[in-house]
Structure formats: structure tokens, C-alpha cells
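Notes for the structure review
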Amino acid sequence: MGRDPLKPLVVLGATGSIGRQTIDVADRIGVPIHAIAARRASDGLLELGRKLPDASVFVVDPGDRRDAFAAEFGDRLHIGPGSITEVAATPGVTVVNAIVGAAGLSASLSTLYAGNRLALANKESLVAGGPLVEAALRTDGAELIPIDSEHSAIWQCLVGEDRELVRRVILTASGGPFRTWTSERIAGATVEVALNHPNWDMGPKITIDSATLMNKGLEVIEARWLFDVPPERIDVVVHPQSIVHSLVEFVDRSVLA
């Protein structure tokens, strides 16, 4: 029997780094884009909507560009605070949630309660609503796949493994731009330096969170809910080269990376 075709994608946070990479990969391997969504009616969303003529366009707050977007996309355009949770519940799609911040939680829940597959890059869904997401995952057909690099690495290391044999999971951190700085020097750091990540080109929020290592704290909480591992069995290792994204250590002390 042939392999089942990949389901159409709904890309939430389409104009961000992860959203754009998702659309690029989908285009190269022939996965259809059912819808793209963003919080604001930006030039980036306009560009993507033109590039994807078969995709619906969802905007939470169009601001003063409502008429321009309506003229451009017509019936393809959907506007309003409930539009993103609405499209996440579309039957038979895979939802890529790359929304920034806690605003992504409602879309994650909508996806899972509709029985869809959730490709999650919005860590705040689990930080802010871990028990809610856990409950929604009990819906028939619901599935959650982490696509942030660290948690995707752990997920891949655990495929086919006995979870009872996991001793700990290990997240890696680059250390950010201030890894070698003294506390006195960090006190005088500028936003521009904090936004200059040594290894990755990311959006401003995650870049700032990475500079302070706050992002890694959020990822520890995320890992706790994703893999049902208590916090005392989640470790963080500073790894400036960023070659290994994450590791899993088993009770026999073997390690998958």
C-alpha cells in the first residue's frame, strides 16, 4: 500500500522565522498550505498571501490595512480575534503553531480538541497551560509533535524507547551573547547586543529570552509536560557550539543525542 499523503497545513505565525521555513519546506516537498495566519496585517503576510493563491488568510488585527487586505484577498480573508482558533479547528489538517507568546494557547487547544495534529513551536502553550493541553490531548485523533529544535531532538531520541528506562533528559543552551561576560559588564548591556545571538537568527522575543537564558527555563517547563518527566530529571548544559540540540540518558547510562 502507498504512503498516506501529508495533510494540508495551517500555519499560525506565518510571517515569523518558523512559519516562513515551514512554508518553504512544504513548497519543496509538495505539501499544500490550507491557510496562513498572523496577528497583524503586515507586508510579510501580504507577500505570503500572494505567493499562496489557494490559501486562506487569517488576521487577528488588521489595523488600518483592513480595506487593502480585503481588496487583495476578497473571500480568502478572515479577520478577528477568534479567526485563528477557528481555522485551527479545520477538520483534517496539521496545524503548525508558531505564534509568539501565550496568545498561542487557545489555538493549541482548538487544534487538539478538533482531533488534529499539532506541530508545536509555541512553548508558552505548555508553560501557561500544560494541564489544559494534556487534557485536550485525550481527544480522539489529537496528536502533538514538538518542532522546536531541543524538544524535537528529545522526541526523536525517544521514538521506540521505553519511557520507564529514561533517567533524565538534557537540554542544551548556547549561552547566548553574554556567556563570557561578567555581571558588571552585563549590567551595561544594550538591547542591540542582546539581539545579536551568536548562533541563531530568530525573532526578537526569543532572542532576548535566549540572551537572559529565560528561554531555557521555559523549555524546562515545556519538557516536563511534553515528556512527562519531573523537573528534577531535566538538566541544562551550556554548549556554545550548538552541535547537539538535546540528549536523553537512560538508566543504563547510555545516551542518545
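This write-up is about the structure you can find in this document. Bear in mind the structure is a predicted one, so any value in this text is a computation, not a measurement. (Residues numbered from 1 in each chain as written. Predicted model: local features only at pLDDT ≥ 70, side-chain atom pairs only at ≥ 80, totals over all residues. Heavy atoms only, no water.)

1. Let's talk about the pairing of strand β5 (residues 94-97)
Side chains Thr-94 and Val-96 of β5 all project onto a buried face; the interleaved residues Val-95 and Asn-97 project onto the opposite face, where all are buried too. Here 4 bridges tie β5 to strand β6 (residues 117-120), and the two strands are oriented parallel to one another. The partner of Thr-94 across the bridge, within β6, is Arg-117. (Buried < 20%, exposed > 50% of the residue type's maximum accessible area, 1.4 Å probe, protein only. Helix = DSSP H or I, 4+ residues; strand = E, 2+ residues; numbered from the N terminus. Pairing = 2+ DSSP bridges.)

2. Let's talk about helix α5 (residues 104-113)
Of all 10 residues in α5, 8 are buried, a share of seventy percent or more. Of the positions making up α5, those classed as buried are Gly-104, Leu-105, Ala-107, Ser-108, Leu-109, Ser-110, Thr-111 and Leu-112. As for α5, its buried residues are in contact with β1 (9-12), α4 (83-88), β5, β6, α6 (124-136) and β7 (143-146). Directly beyond the C-terminal end of α5, a positive phi value near 80° is found at Gly-115. (Contact = heavy atoms within 4.5 Å.)

3. Side note on the pattern of salt bridges
In this structure the tally under the stated criterion is 15 salt bridges. The closest approach of N and O atoms between Lys-123 and Asp-148, which form a salt bridge, is 3.4 Å. Here Asp-148 lies in the loop between β7 and α7 (149-158) and Lys-123 lies in the loop between β6 and α6, a separation of 25 residues in the sequence. The exposure classification of Lys-123 matches that of Asp-148, with both residues buried. (Salt bridge = Lys/Arg side-chain N within 4 Å of Asp/Glu carboxyl O.)

4. A few points about the layout of surface pockets
In this model, the second largest pocket occupies a volume close to 450 Å³. Taken together, 19 residues line the second largest pocket, and the ones lying closest to its centre are Leu-6, Lys-7, Leu-9, Thr-94 and Arg-117. Mapped by element, the contributors of at least two residues to the lining of the second largest pocket are α1 (17-29), β5, β6 and β7. Per element, the largest residue contribution to the lining of the second largest pocket is 5 residues, and it comes from α1. (1 Å grid on protein atoms, 1.4 Å probe; cavity = no way out; pocket = protein on both sides within 12 Å on 5 of 7 lines; lining within 4 Å. Points joined across faces, edges and corners; volume = space filled by probe spheres on them.)

5. Considering the side chain of Asp-209
By the secondary structure assignment, Asp-209 is in helix α10 (residues 204-211). On the accessibility criterion, Asp-209 (13% relative accessible area) is buried. Those residues in contact with Asp-209, other than ones at most four positions away along the chain, are Met-214, Asn-215 and Leu-218.

6. Comments concerning the nonpolar core
In globular proteins that are soluble, nonpolar side chains generally tend to be buried together. The biggest cluster of nonpolar side chains holds 36 residues, and the ones touching the most others in it are Leu-12 and Val-248. Those residues in contact with Leu-12 that sit more than four places away from it in its chain are Ala-37, Ile-84, Val-87, Ala-88, Val-95, Val-96, Asn-97, Ala-98, Ile-99 and Ala-107. (Core = buried A, V, L, I, M, F, W, Y, C linked by side-chain atoms within 4.5 Å.)

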